[in-house]
Amino acid sequence: MRELTVNLGDRSYPIFIGANLLNQVELYARYFCGEQVLVVTNENLWLPYGENFVAGLAKSLNKVDSVVLPDGEQYKTLAVLNNIFDALLENKYNRRTTLVALGGGVVGDMTGFAASAYQRGVGFIQIPTTLLAQVDSSVGGKTGVNHPLGKNMIGAFYQPQCVVIDTEVLSTLPERELSAGLAEVIKYGLIADSEFFSWLEANMLRLMARERDALIYAIERSCQIKAEVVAQDEKEAGLRAILNLGHTFGHAIEASQGYGQWLHGEAVAAGTVMACELSQRLGWLDATVVERSVALFNMANLPVKPPADMCPETFMKYMAVDKKVLHGTLRLVLLKGLGTAVVTSEFERDCLMQVLRGVA
Ligand code: NAD
Ligand code: GLY
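Asks: Looking at this model, I keep getting lost on the nonpolar core. Mind explaining?
Replies: Side chains of nonpolar character tend, in soluble globular proteins, to be buried together. Ranked by size, the top nonpolar core spans 77 residues in total, and within it Phe-249 and Leu-352 carry the most contacts. If you tally residues by element for this core, the top one is helix α8 (residues 212-232), at ten residues. Apart from residues lying up to four places away in sequence, Phe-249 is in contact with Gly-271, Met-274, Ala-275, Leu-278, Phe-315, Met-319, Leu-332, Leu-352 and Leu-356. Core analysis: the second largest hydrophobic core is formed by 24 residues, Phe-16, Phe-32, Leu-45 and Val-100 among them.

Asks: Help me understand the layout of surface pockets, please; the structure alone is not making it clear to me.
Replies: It is the rolling of a water-molecule-sized probe over the atoms that shows where space remains empty. For the second largest pocket, the calculated volume is near 350 Å³. What lines the second largest pocket is a set of 21 residues, among which Glu-277, Lys-305, Pro-306, Val-355 and Gly-358 lie closest to the centre. For the lining of the second largest pocket, the elements supplying multiple residues, two or more each, are α10 (264-281) and α13 (349-357). The dominant element in the lining of the second largest pocket, judged by the number of residues it contributes, is α10, at six residues.

Asks: Looking at this model, I keep getting lost on the packing of helix α7 (residues 194-208) against helix α11 (residues 287-299). Mind explaining?
Replies: If you want to describe how two helices pack, look at the angle between their axes and the distance between the axes. Contact geometry for α7 and α11: axes closest at 9 Å, N-to-C directions at 15°. Taken together, the axis directions place α7 and α11 in an arrangement best described as roughly parallel. Our pair here, α7 against α11, has a crossing hand that is left-handed. On α11, the residues touching Phe-197, Ser-198, Leu-200, Glu-201, Met-204, Leu-205 and Met-208 of α7 are Arg-292, Ser-293, Leu-296 and Met-299. Grouping the amino acids of the contact of α7 with α11 by side-chain chemistry returns seven nonpolar, two polar and two charged.

Criteria and cut-off values
Residues numbered from 1 in each chain as written. Chains lettered and ligands numbered in written order. Predicted model: local features only at pLDDT ≥ 70, side-chain atom pairs only at ≥ 80, totals over all residues. Heavy atoms only, no water. Core = buried A, V, L, I, M, F, W, Y, C linked by side-chain atoms within 4.5 Å. Buried < 20%, exposed > 50% of the residue type's maximum accessible area, 1.4 Å probe, protein only. Helix = DSSP H or I, 4+ residues; strand = E, 2+ residues; numbered from the N terminus. Contact = heavy atoms within 4.5 Å. 1 Å grid on protein atoms, 1.4 Å probe; cavity = no way out; pocket = protein on both sides within 12 Å on 5 of 7 lines; lining within 4 Å. Points joined across faces, edges and corners; volume = space filled by probe spheres on them. Axes fitted to C-alpha atoms, helices over the stretch in contact; angles between N-to-C directions. Parallel < 35°, antiparallel > 145°, perpendicular 65-115°, else oblique. Left-handed = near helix turned anticlockwise from the far one by under 90°. Nonpolar A, V, L, I, M, F, W, Y, C, P; charged D, E, K, R; others polar.

Structure (structure tokens):
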């Protein structure tokens, strides 16, 4: 088993990474705040994982209940969040409560937000079950729900007590979801670690084949990079925005196509290629890095171009509401070489328009 730390002073917490950790309750029981635990999962994960997990916890804890949410991004809403509060109140949970998120990013973000708000804050443990959640959403404390007018617009920064990453649960993950998670893994190489990027080029097929050692290394390195960034800029005053490479373009793709048509990771892959292309047009990035990125996303079965019918005006409409827009000015995460990301508004608009138009 590997162990990392997210260094945030007295709110620091460990990330455990390994195979078959899910049912090793003794590993994380010490992070429960009190003896009352509410497990939050979804209807897709209840039978393969949730039921046994809750039964295992019930052997050693006084009070364990579960909430099974409907599955899907469309249920990441304030209305569905109330199911968690209903269960907490109906079962008389007090302040010494821990919420355990067993699921992908949707369950993790919602459970964390519920933990931040229930009685003004209770304990929270992340057990992410998708690759995307294991390398990204379970670490760093961004929690929340969507609003009809914007994704993740209602939420809180709220850190968990620990993160438990069990690579065995990835065996049941659909291929498309595995690829979506790999988009975020590739992102870490591009923004922070050229050696990791080269390692990914050499090992992508092993990752696609879900080889345990390769997965553990890729998850560990991704979490390390994320933990280092979060430790320096927990609330995204500046640096943390580099974790959003490709996301401004990607969010525009996701939103314009209708959420759920393109998975988040798929949109991020196409968006990242666009960010690389813009960086190249600005003279900041070598053409070979763009080519290597395209090849790596291809190897991971990810799209490298936005939808053919998406015009520059549509991109601009959605990009204008990006959280990185400051005083009405669009800021983008771009690369100044492989492994070096910047957040900047200093790019020529013509170059951006050429990328949006797909000019070769
Ligand atoms: P998800 O939670 O919707 O999970 C994807 C699908 O995989 C679901 O159908 C789920 O039931 C299924 N699934 C989960 N684990 C499985 C397993 N082990 N075996 C089989 N099926 C499994 O999606 P996601 O990609 O994990 O997360 C996306 C969400 O994460 C978005 O809402 C996004 O906004 C959020 N996010 C948050 C952060 C953050 O920092 N908080 C970062 C990135 C993404
Ligand atoms: N997923 C980007 C962040 O956590 O900041």
